[in-house]
Number of protein chains: 2
Amino acid sequence: MKIVIIGGVAGGATAAARIRRNDERAQIVMVERGPYVSFANCGLPYHISGTIAERGQLLVATADLFRDRYRVDVRAETEALAIDRAAKSVRLRNLASGEEYDERYDRLLLAPGAEPIRPPLPGLASPRVFSLRNLPDLDRIMAHLTTQAPRRAVVIGGGFIGVEVAENLVERGLATVLVEGTEQILAPLDYEMAAIVQTHLRDKGVTLSLDDKLARVEDQADTSIVHLASGRQLAADLVVLAIGVRPETQLAREAGLELGATGGIRVDEHLRTSDVSIWAVGDAVEVTQTISGRQVLIPLAGPANRQGRMAADNMVFGNTRSYRGTLGTAILKAFDLGVASTGLNEKQLIAAGIDYRATITHGGSHAGYYPGARQISLKLLYSPQGRILGAQAVGEVGADKRIDVIATAIHGGMSVDDLAELELAYAPPFGSAKDPVNIAGYVASNLLDGSLESIDWRTLAAMAPGAVQLIDVRSAAEVALGVIPGSRHIDVNELRDRLGELDPDAPTVVTCQVGMRGYLAYRILKQSGFKDVKNLSGGYKTWAWAVARQASTDDFELE
Amino acid sequence: MKIVIIGGVAGGATAAARIRRNDERAQIVMVERGPYVSFANCGLPYHISGTIAERGQLLVATADLFRDRYRVDVRAETEALAIDRAAKSVRLRNLASGEEYDERYDRLLLAPGAEPIRPPLPGLASPRVFSLRNLPDLDRIMAHLTTQAPRRAVVIGGGFIGVEVAENLVERGLATVLVEGTEQILAPLDYEMAAIVQTHLRDKGVTLSLDDKLARVEDQADTSIVHLASGRQLAADLVVLAIGVRPETQLAREAGLELGATGGIRVDEHLRTSDVSIWAVGDAVEVTQTISGRQVLIPLAGPANRQGRMAADNMVFGNTRSYRGTLGTAILKAFDLGVASTGLNEKQLIAAGIDYRATITHGGSHAGYYPGARQISLKLLYSPQGRILGAQAVGEVGADKRIDVIATAIHGGMSVDDLAELELAYAPPFGSAKDPVNIAGYVASNLLDGSLESIDWRTLAAMAPGAVQLIDVRSAAEVALGVIPGSRHIDVNELRDRLGELDPDAPTVVTCQVGMRGYLAYRILKQSGFKDVKNLSGGYKTWAWAVARQASTDDFELE
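Residues numbered from 1 in each chain as written. Chains lettered and ligands numbered in written order. Predicted model: local features only at pLDDT ≥ 70, side-chain atom pairs only at ≥ 80, totals over all residues.

Details of the overall build of chain A
Convention followed: Strands here mean DSSP runs of E at least two residues long; helices mean DSSP runs of H or I at least four residues long; both are numbered from the N terminus. Only C-alpha atoms enter the radius of gyration; for comparison, a globular chain is expected to reach 2.2 Å times N to the power 0.38, where N is the number of residues. Counting other C-beta atoms within 10 Å of a residue's C-beta gives its exposure: the residue is buried at 20 or more, exposed at 12 or fewer, and partly exposed in between, where C-beta atoms are placed from the backbone. By the convention adopted here, residues make contact when the C-beta atoms placed from their backbones lie within 7 Å.
The helix and strand inventory of chain A stands at 17 helices and 30 strands. Taking 24 Å as the expected radius of gyration for a compact globule of 559 residues, we find that chain A reaches 26 Å, a close match to that expectation. Based on the C-alpha atoms only, the size of chain A along its principal axes is roughly 90 × 60 × 40 Å. Buried residues in chain A amount to 55% of all 559 residues. Sequence separation of at least 24 residues holds for 64% of the intrachain contacts in chain A that already meet a minimum separation of 6.

Notes on the interface of chain A and chain B
We apply this condition: Three classes are used, and their members are as follows: Ala, Val, Leu, Ile, Met, Phe, Trp, Tyr, Cys and Pro are nonpolar, Asp, Glu, Lys and Arg are charged, and the others, Gly among them, are polar.
Taken together, the contacts link 65 residues of chain A with 65 residues of chain B. At nine residues, helix α10 (residues 399-411) of chain A tops the list of elements feeding residues into the side of chain A that touches chain B. Tallied by class, the residues present in the side of chain A that touches chain B amount to 35 nonpolar, 15 polar and 15 charged.

Comments concerning the pairing of strand β4 (residues 78-84) of chain B
One face of the sheet, then the other: side chains in a regular strand alternate in exactly this way. Rules: Here a strand pair is declared whenever DSSP counts at least two bridges between the two strands.
Note that β4(B) and strand β5 (residues 89-94) of chain B share six bridges and pair antiparallel. Its bridge partner being in β5(B), E79(B) is matched across the sheet by R93(B).

Description of the sheet that holds strand β12 (residues 207-209) of chain A
The strands making up a sheet are joined through hydrogen bonds of the backbone, oriented either antiparallel or parallel. All names here are of chain A. Reading across from one edge, β9-β16-β10-β11-β12 is the order of the five strands in this open sheet, with parallel pairing throughout. Two strands in the sheet have a free side with no partner beyond their single neighbour: β9 (129-130) and β12. Relative to strand β16 (residues 238-241), strand β10 (residues 152-156) is paired through four bridges, and the arrangement is parallel. Following the sheet pairing, V155 is matched in β16 by V240.

Quick notes on the environment of G450(B)
All names here are of chain B. Along the chain, G450 turns up in the loop between α12 (436-448) and β26 (454-455). You can call G450 exposed: it has 8 C-beta atoms within 10 Å. Taking the C-alpha atoms as reference points, G450 and A480, 30 residues apart in sequence, are found 33 Å from one another.

Focus on the domain arrangement of chain A
Quite often, the size of an interface is put as the accessible area lost when its parts meet. Residues and elements named next belong to chain A. Quick note on the threshold: Just so you know, the domain bounds were taken from an automatic or database domain assignment.
Assigned domains within chain A: domain 1 (2-115 + 246-317), domain 2 (129-243), domain 3 (336-448) and domain 4 (454-544). If you average the C-alpha positions of domain 1 and of domain 2, the two centres end up 30 Å apart. Of the residues lining the interface, 13 residues belong to domain 1; the matching set on domain 2 comes to 15 residues. If you tally residues by element for the side of domain 1 that touches domain 2, the top one is helix α2 (residues 45-49), at five residues. Looking at the side of domain 1 that touches domain 2 residue by residue, the classes come out as eight nonpolar, four polar and one charged.

So, the relation of the copies chain A and chain B
Condition: We place the copies in one frame by least squares, fitting the C-alpha atoms of every residue whose pLDDT is at least 70 in both.
Mapping chain A onto chain B is achieved by rotating through 180° and translating by 0.0 Å along the same axis, at an RMSD of 0.0 Å. In the structure described here, the two chain copies are related by an operation that fits a two-fold rotation axis. Both copies present the same face, since 100% of the interface residues in chain A are matched by interface residues at the equivalent positions in chain B.

Description of the nonpolar core
Put simply, the rule reads: The term nonpolar core means buried Ala, Val, Leu, Ile, Met, Phe, Trp, Tyr and Cys residues held together as one set by C-beta atoms within 7 Å.
L109(A), I5(B) and L109(B) are the most contacted members of the largest nonpolar core, which totals 366 residues. Non-local contacts of I5(B), meaning those with residues more than four positions away in its chain, are made with G12(B), A15(B), A16(B), I28(B), V29(B), M30(B), V31(B), L109(B) and A111(B).

Focus: the sheet that holds strand β23 (residues 357-364) of chain A
Residues and elements named next belong to chain A. As a reminder of what qualifies: In this analysis, axes come from line fits to C-alpha atoms, helices being fitted only over the stretch in contact, and the angle between any two N-to-C directions falls in the range 0 to 180 degrees.
Strand order across the open sheet formed by five strands is β21-β22-β25-β24-β23, with antiparallel pairing between neighbours. Unpaired on one side and paired on the other, β21 (330-334) and β23 mark the two borders of the sheet. Averaged over all neighbouring strand pairs, the angle between strand axes comes to 15°, with direction disregarded. Relative to strand β25 (residues 388-395), strand β22 (residues 337-343) is paired through six bridges, and the arrangement is antiparallel.

Examining helix α5 (residues 160-171) of chain B
Residue and element names in this part refer to chain B. In plain terms, the rule: Multiplying one less than the number of residues by 1.5 Å gives the expected span of a helix.
Its 12 residues give α5 an end-to-end C-alpha distance of 16 Å, which sits within 8% of 16 Å, the value for a rise of 1.5 Å per residue. Within α5, 11 of the 12 residues are buried, which leaves the element mostly enclosed by the surrounding structure. For α5, the set of buried residues is F160, I161, G162, V163, E164, V165, A166, E167, N168, L169 and V170. If you follow the buried residues of α5, they end up packed against α2 (45-48), β10 (152-156), β11 (175-179), β16 (238-241) and β21 (330-334).

Thoughts on the confidence of the model for chain A
To be explicit about the condition: A residue's pLDDT is the confidence the predictor assigns to it, expressed on a 0 to 100 scale.
For chain A, the average pLDDT comes to 96, and 99% of its residues sit at 70 or higher. Here the predicted complex scores 0.97 on pTM and 0.97 on ipTM.

Concerning the packing of helix α1 (residues 10-22) of chain A against helix α8 (residues 301-317) of chain A
A pair of packed helices is characterised by two quantities: the angle between their axes and the separation of those axes. All names here are of chain A. Counted only if it meets this: Crossings are classed by handedness, with left-handed meaning an anticlockwise turn of the near helix from the far one by less than a right angle and right-handed meaning a clockwise turn.
In the contact formed by α1 and α8, the axes pass within 7 Å of each other and the chain directions differ by 35°. Here α1 and α8 pass one another in a crossing that is right-handed. Residue-level contacts link A10, G11, G12, T14, A15, R18, I19 and N22 of α1 to A301, A304, N305, Q307, G308, R309, A311, A312, D313, M315 and V316 of α8. The residue inventory of the contact of α1 with α8, partitioned by class, reads nine nonpolar, seven polar and three charged.

Here you go:
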């Protein structure tokens, strides 16, 4: 059996190794357009700052390794031009020699990946404008950094790659502006969670320009001018486009393989395309989002690897394995913060028409009395029946762990009650007897069983002044550092003795720092005859991030 | 309604706060024998070294907080002497004044905890012998450290507390011997996993004396002599007993409440004792181990807190919630290592007569090309049908995360195939596209579907020399650093070309560093007609820890 694989990075490389383990006798040809197979795509931004010091570290597995260990016939710098499905052959071109030839296959795997989106705007051919998707892209950026010593950078796009590139440019000492077309960076997060990251990026010296888009790049002799749609102008010695990626589907499309509405290659549950001899994996295929059931593009390395392994089994053994869909678990390092998410966020749930509830909690990464504890902000989304739909976590330590736990719970079809009951590893250096995940489960359970009602910051912020009796139950010391306008201060410890100062018939909102004392205040008021009480989800902390501190555009000047 | 709670630390304190939230009008009396409620039991060892610098940090919630915020009538330094179940009253003694009085209850919660085991051996009344269970214990140790400036310490018992105390004594500069009665420290781990921790403790300067027991302590003028059962003698200026704890059940027993065979208080699924007006939680109760279904004692803070919350609901609302049992997820910091486990280990599975399979894998805490990656050793136990039964992880970074993920998977009744499919958060600073949990799932799936067979280090070590054809498929550079005696070296990359050197009919074991290349070698040999091939689980790495490096007793001399 002869298997040809188009694309030799995540899904393709994994499939090649797995096919070999499955079948010692298979003939395996792995075609890669670029010069390197199996390179560390996700590590590229970190070479800019020197965090990953050696370029060679980014070469995870070499072509030699694939040849020597797996007996894979690696064809690097080779482009697949066309598939002749009737003849079962692929037209290949050696990019070094220009030679073209046909390679027959019994089974074909498409793992071509995705390509950076380059909008049709004037000036993007500038030698100061770059993308970052592969090692040659990185080499070009590094050469520019070394030879031109740029001082000012503009990164276009506030997604994961954009934030990573901005961080590493700042770490290298460049004055960096991050431009994002919507009101927030990091689309997988909801606004108030992204706001935490935005605050942190600003603290670290990244200038943010939100709600503004790239219009054009104008080259001058010594620098370039980035013109934004708002009319603002940014001087830049280096521009990185990180607007997003689109699936590489030209080969599949021209071969007549079915594409989905998302533009990705359509595959069945066995990862097979509309041709019975062709499978496809990775960023180029559309997948079923596990929660919504919708077809989506989720260009992530983890799913690409798992798909590669599964396609390898299905190609050798005959469609024995089924892909259950992609949840979309993802994580980003943003300077000192871990920023992680899984499942659907609030915006996506609304767009998908899925009924949901949301809670925001803030807890310690481990016991507060042990040194080094850091706050984790955790947003949990769930159905009115308690099914977990998604989660987002932001914090310096342990955001990854909490999202991995919740992703596992979603995989197992668990409920928020299960989160409350989870028995996680606790010792003071690692967690708390009541882990932030347990607490999120507690709060969600309380909301669903009616022992707590909450209000979110956006709803409260939209209310007319005086529309509710807003009670801040924190200590006087906390209140001195900032309050929600219009709030009245009654320490929770005094609340029972000062009920007479309040109107039990007025709509009432209680708030504390993170929501815990507000919950007690809610219970006190409800059991004291107050008719309409709500606790502010996430407390003053979330309010402060989402409302008090955010401006869409930082000041910057054209030098 | 009047509720009396006996015990004001983990389960009792949690219950008090929850009862108040459930019912503003309940009268709540919380009785605590010690001077402090809700102190940081699990943090005590870290004050010895100064890691937790201030004693006051260990007071998590004060009696004042319980009074002011939760309106709980706290009676500290008050001992419960007897329960009159017919009269529904508890006899209390104020330990300061000696006054005794009766406190009536409608509902009673027992959360008395556990007490350190003090074996009936000569010399334990020495002023140089201590336990560590509460703040007064810690105060005594700190006073001894301050006034006597001990230089040599002996810790009796290699459980979690013993290891934590030994670590903190070493951090404080004391020469420390850890004495353990069995062949390994840390009973929740299997031998080869504990061996990693033992190697690390020795590297950090802890002297280990395994397979030896305390016989007696002999006081001399300036020091004490610890006599071990083997006859060895250790000079010690400070001795800490950390042999284990037993449930505090005297009050329950004398009141005629049912105890279980474990010695713990028996409770039903609602955490109610054999008296319909009395509930019990925490270290004093026996619980159902989730996997085995057996009644066990699991004295851990997390379950105690969850039980306290649940009992509070059941006491107020009438047994609405059911406790599903305790898995036994636990974690320990041992110097730089995280040491975590969940479910049952191999020893416990054998003891419970549960059929199981085991795999040991070693993977990086995150992508190897990103700085700071550390190895995680992961042992996974599962049924022949793939149900996850337990796991153990040891590593400098991220052992906690992997055990939390697997504990969540066990809670959800997931299989090893689910572990392989889990979509965990990946970016180079946080994980790998194939996480160690995924890899453990892959290996287990391979074993169960017959595409891989393995052998464990213990079985291999017990074989007669030459009984198997043992092939080390690592590189020459790795082999130069150490090999399993009797192994023959053939680099996996050369294996296909050197099959003629091997006997396809001989029982064959392949090994590499961690098991990955051994898996490929297994596949090559099986598909080349070798009849009986097995891959060494955990590779040379596990072998080296479990077999090559371990001595039961370090050298030490009586000064």
